[in-house]
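# Secondary and tertiary structure notes
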Amino acid sequence: MVSTTTLFALFLVYWAIISILDKKGILERYNISTYGPVLMIRTVRGQALLDILARPKRSWRTFANIGIVLMFVGMFAMFFIIILSDIAMLTSIGENTLPEPGKFNEARNIFLIPGVNEFIPLTWGAIALLVTLVVHEFSHAILCRVEGIRVKSMGILLAIVPIGAFAEPDEEELFGVKKETAEGLGADTTDGPIERRILGTEKEVVPIKIVSREQRARILAAGVMSNFVVAAIAFFLLFGPVLGAIAPMSDTMIINVTSGSSADIAGLENGMVITQIDDTSIQKANDIILYMNNIEAGTVVQLHASKDQNLLVYDIEVVNDTDDGIKGTYVNSIVAESPAEAMGLESGMLIIKIDDTPIGSSEDFVTFMNSTKAGQIISVVTVRADKTTEENVSSEIFDIELASGQDGDSEKGFLGIYYGSNGLEIVPLGISIGEFPAKDYLEALKAIPSMLGGYMGWIIILGLPIFGFAGEGFPGFSGQLAQFYSPIGWGEPLGVGIFWIANTLLWVGWLNFYAGLFNCLPAVPLDGGHVFRDYLHALVSKFISDETKAKEVSTAIAASFTMLILASFLFMIFGPYIVHGF
């Protein structure tokens, strides 16, 4: 991953280059403007296409009217979430429990820029961002033409990578904003009729149409509505037919191949997923243990293993070694603010016993935890996973009080670890294996749509790529995660292409959903801010007859909301640094 310092240095070089090009007039020749480091690339092409697309005016107005309703729903939801976040942070500060600054507070992760934000992959993120921007701004442009507003230009905003798109409507017609002419004549800032003088004449005046509040709201809500529709389509395809064409191969992966062992000689590699030994299907690591208990030394077994969707068969001789090694459940990561974190469990530990129960696999761990209750105190025995091959390995014991379950069962005990990705050593084969709950993970993904009837499903959708189900994040089917799955059914002929489709749909859906919600916020200059101010003005006018005074009051209230939301975001980002230090 490129460091923040390197990215900042590249950004300064980029800024210097565009500054030189701007001063020499090169950018202006290509209709490109600069706003600091941001390039605004305009085009007047596509006007005829906009007029064609805008022809079903009634349908577009219905579409946008639904968007206004959804915008207000999103507006209240987002504002409520922000207020709850502020309250939670203030409570944490008061109780001295505010977490220290982490990756969520890094400057690079504040903005949703693919390749810079460490949570957003460059390829899939860039595709999704482009779709999001084009859909949003193109919808604004179409509704402008539906309502008879002139679109002066369209284009994209660049700061090394695309950071936005725009459609430039005639601001005099849309907002009643004064635009100075070469003679210093222009329009007044008002919601009423505006006149524009024709240069070189004394009498000829052309009236400028100013759209109504409802028309303006439809134009502004169209972008949000389009983002929500694209997100809905992407998620429908992802959680329906696409995930239906993906199946887990096994939960068991090779973590390490002992150098010079029979497995190493046969050609096994780290990262391979084991699906079968001889005629026995392998799903869990314990399946291998049970099978190998009945195999004598000198026997040649056929191990089926897959890497990069290529399933191969390897002949491996079982060696004469009675050392069973140390078995346990590997701690991959710790859930924030969980009992495990509070009592000192760390990533890299191997849980080998809980109370008097040996934990030889992830299955043993899950079975034990399913029998626990909230408030129960358990004794967890661990060793360091990287010390398991040493003699006289020392263990650590943690007495932990379990919290309430996190899966809807408040009675079940919750420890707070994410297990897998390392594991127990299978000495007779010369490999170390680990488990990942591939089947359960896929089922959890497929279950998300059924959870959208409650607020938790929407929270999971909003945080899925970053937080995942247990703080691990779900960036899509790529890297090691993709090794556990294979295409089936209609997706089988596509091979790895099914994963490309899944990743594209995930990020297109997520970025459109996020962008739609973000633009609902009642903060100018966001779309929701303009709509909020307009409807607030209409409400205030019912109580204040003086139109000028009503506009001043509504503008002041809207500005207060904008400042509150901005302050809340800054507080969420920099609060941990203020408390714990930079």
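Every residue gets a number counted from 1 within its own chain, in the order that chain's sequence is written. Residue-level local features of this predicted model are given only where pLDDT is at least 70; pairs of side-chain atoms are given and counted only at 80 or more, and the full residue set underlies all totals for whole chains, interfaces and linings. With hydrogens and water stripped out, all remaining heavy atoms of the structure feed into the side-chain values.

As a further point, take the overall build of the chain. For the chain, the count of helices and strands is 17 helices and 23 strands. A total of 582 residues make up the chain; the buried ones form 43% of that total. Across the chain, the fraction of contacts at a sequence separation of at least 24, relative to all contacts at a separation of at least 6, is 66%. In short, Shrake-Rupley with a 1.4 Å probe defines the accessible areas, and a residue's cover is counted only from the protein chains shown. With the model as given, the accessible surface of the chain reaches about 29400 Å², and the carbon-plus-sulfur share is 60%. Runs of H or I in DSSP of at least four residues are treated as helices and runs of E of at least two as strands, each being numbered from the N terminus. The rule is simple: take the accessible area with a 1.4 Å probe, protein chains only, and divide by the maximum for that residue type; under 20% is buried, over 50% is exposed, in between is partly exposed. By definition in these notes, contact holds between two residues if any of their heavy atoms fall within 4.5 Å.

Moving on to the pattern of salt bridges. In the sections that follow, a salt bridge refers to a side-chain nitrogen of Lys or Arg positioned within 4 Å of a carboxyl oxygen of Asp or Glu. In the structure shown here, the tally under the stated rule is 6 salt bridges. With a shortest N-O distance of 2.9 Å, Glu147 and Arg218 are connected by a salt bridge. Of this pair, Glu147 sits in the loop between helix H5 (122–146) and strand E3 (151–159) while Arg218 sits in helix H7 (residues 213–244), and the two are 71 residues apart along the sequence. When sorted by exposure, Glu147 lands in the same class as Arg218, which is buried. Among the salt bridges present, the one from Lys307 reaches Glu269, with a minimum N-O distance of 3.2 Å. Here Lys307 is found in strand E11 (residues 300–307), whereas its partner Glu269 is found in the loop between helix H8 (262–266) and strand E9 (273–277), with 38 residues between them in sequence. Overlapping salt bridges bring together Arg61, Glu147 and Arg218 as one network.

For the pair H5 and H7, the least separation of the axes is 8 Å and the interaxial angle reads 145°. Like other packed secondary-structure pairs, H5 and H7 cross with a definite hand, here right-handed. Across the interface between the two elements, Val131, Thr132, Val135, His136, Ser139, His140, Leu143 and Cys144 from H5 touch Arg218, Ile219, Leu220, Ala222, Gly223, Val224, Ser226, Asn227 and Val230 from H7. Each residue receives one of three labels: charged for Asp, Glu, Lys and Arg, nonpolar for Ala, Val, Leu, Ile, Met, Phe, Trp, Tyr, Cys and Pro, and polar for the others, Gly being one of them. Taken together, the residues of the contact of H5 with H7 sort by class into 9 nonpolar, 7 polar and 1 charged. In this analysis, axes come from line fits to C-alpha atoms, helices being fitted only over the stretch in contact, and the angle between any two N-to-C directions falls in the range 0 to 180 degrees. Helix crossings get a hand from a simple test, with the near helix turned counterclockwise from the far one by less than a right angle marking a left-handed crossing and a clockwise turn marking a right-handed one.

Cis geometry is found at the peptide bond from Val524 to Pro525, where omega equals 20°. Within the secondary structure, Pro525 is located in the loop between helix H15 (497–520) and helix H16 (527–541).

Next up on the list: the packing of aromatic side chains. Stacked, tilted and edge-to-face are the three classes applied to pairs of Phe, Tyr and Trp rings, where Trp contributes its six-membered ring and a pair requires centres within 6.5 Å; stacked means planes under 30 degrees apart, edge-to-face means over 60, and tilted covers the rest. By the definition in use, this model includes 17 aromatic pairs. Look at Phe79 and Phe561: their rings are 5.3 Å apart centre to centre, the planes differ by 40°, and that puts the pair in the tilted class. Of this pair, Phe79 sits in helix H4 (residues 57–94) while Phe561 sits in helix H17 (residues 547–580), and the two are 482 residues apart along the sequence. Given the relative accessible area of 25%, Phe561 is considered partly exposed. Consider the rings of Phe436 and Tyr441, whose centres lie 5.3 Å apart with planes at 50°: the pair is tilted. There is no split in this pair, since Phe436 and Tyr441 are both buried. Taken together through their ring pairs, the aromatic side chains of Phe436, Tyr441, Phe474, Phe477, Phe484, Tyr485 and Phe499 make up a single cluster.

Within the secondary structure, Asn503 is located in helix H15. By relative accessible area, Asn503 is classed as buried at 2%. In contact with Asn503, other than residues within four places in its own chain, are Trp124, Gly476, Phe477 and Ser478.

Ranked by internal contacts, the top residues of the largest apolar core, which has 69 residues, are Leu238, Phe477 and Tyr485. Grouped together as the second largest cluster of nonpolar side chains are 21 residues, Met272, Tyr291, Met292 and Ile433 included. What is meant by a nonpolar core is a set of buried Ala, Val, Leu, Ile, Met, Phe, Trp, Tyr and Cys residues, joined one to another through side-chain atoms within 4.5 Å.

Further remarks concern the confidence of the model for the chain. pLDDT expresses how confident the predictor is about each individual residue, on a scale running from 0 to 100. When pLDDT is averaged across the chain, the result is 81; 84% of the residues are at 70 or more. The low-confidence segment residues 178–203 (pLDDT under 50) makes 50 contacts with residues lying over four places distant or belonging to another chain.

A helix is expected to span 1.5 Å multiplied by its residue count minus one. Compared with the 56 Å implied by 1.5 Å per residue over 38 residues, the 55 Å span of H4 between its first and last C-alpha is a close match. Asn96, located one to two residues past H4, shows a positive phi value of around 60°.

Residues Leu90, Ile93, Met563, Leu566, Leu570, Phe574, Ile578 and Val579 make up a contiguous nonpolar surface patch of roughly 740 Å² in combined accessible area. At the level of secondary structure, the elements contributing two or more residues to the nonpolar patch comprise H4 and H17. It is H17 that contributes the most residues to the nonpolar patch, 6 residues altogether. With respect to the helices and strands, the residue Ile93 is situated in helix H4. Classification of Ile93 as partly exposed rests on a relative accessible area of 33%. Excluding any residue in a salt bridge, patches collect residues exceeding 30% relative accessible area, merging like charges within 9 Å and nonpolar Val, Leu, Ile, Met, Phe, Trp and Tyr side chains within 5 Å.

Right, let's get into the pairing of strand E12 (residues 310–317). Remark: a regular strand shows side chains that alternate across the two faces of the sheet. As paired strands, E11 and E12 are joined by 8 bridges and run antiparallel to one another. Among the inter-strand pairings, Leu303 is bridged to a residue of E12, identified as Tyr314. When DSSP finds two or more bridges between a pair of strands, those strands are recorded as paired. Where E11 folds back onto E12 in an antiparallel hairpin, the turn is made up of 2 residues, including Asp308, whose phi is positive at roughly 55°.

This next bit is on the packing of H7 against H16. Helix-helix packing: each pair is described by the crossing angle between the helix axes and the interaxial distance. Contact pair H7 / H16: the axes reach a minimum separation of 9 Å and the direction vectors enclose 155°. Put simply, H7 runs roughly antiparallel to H16. Along this stretch, H7 crosses H16, giving a crossing that reads as left-handed. Residue-level inspection shows Arg213, Glu214, Arg216, Ala217, Leu220 and Val224 of H7 in contact with H16, the latter providing Asp527, His530, Val531, Asp534, Tyr535, His537 and Ala538. Here the residues of the contact of H7 with H16 sort into 6 nonpolar, 2 polar and 5 charged. Every angle not falling under 35 degrees, over 145, or within 65 to 115 is termed oblique; those three ranges are roughly parallel, roughly antiparallel and roughly perpendicular.

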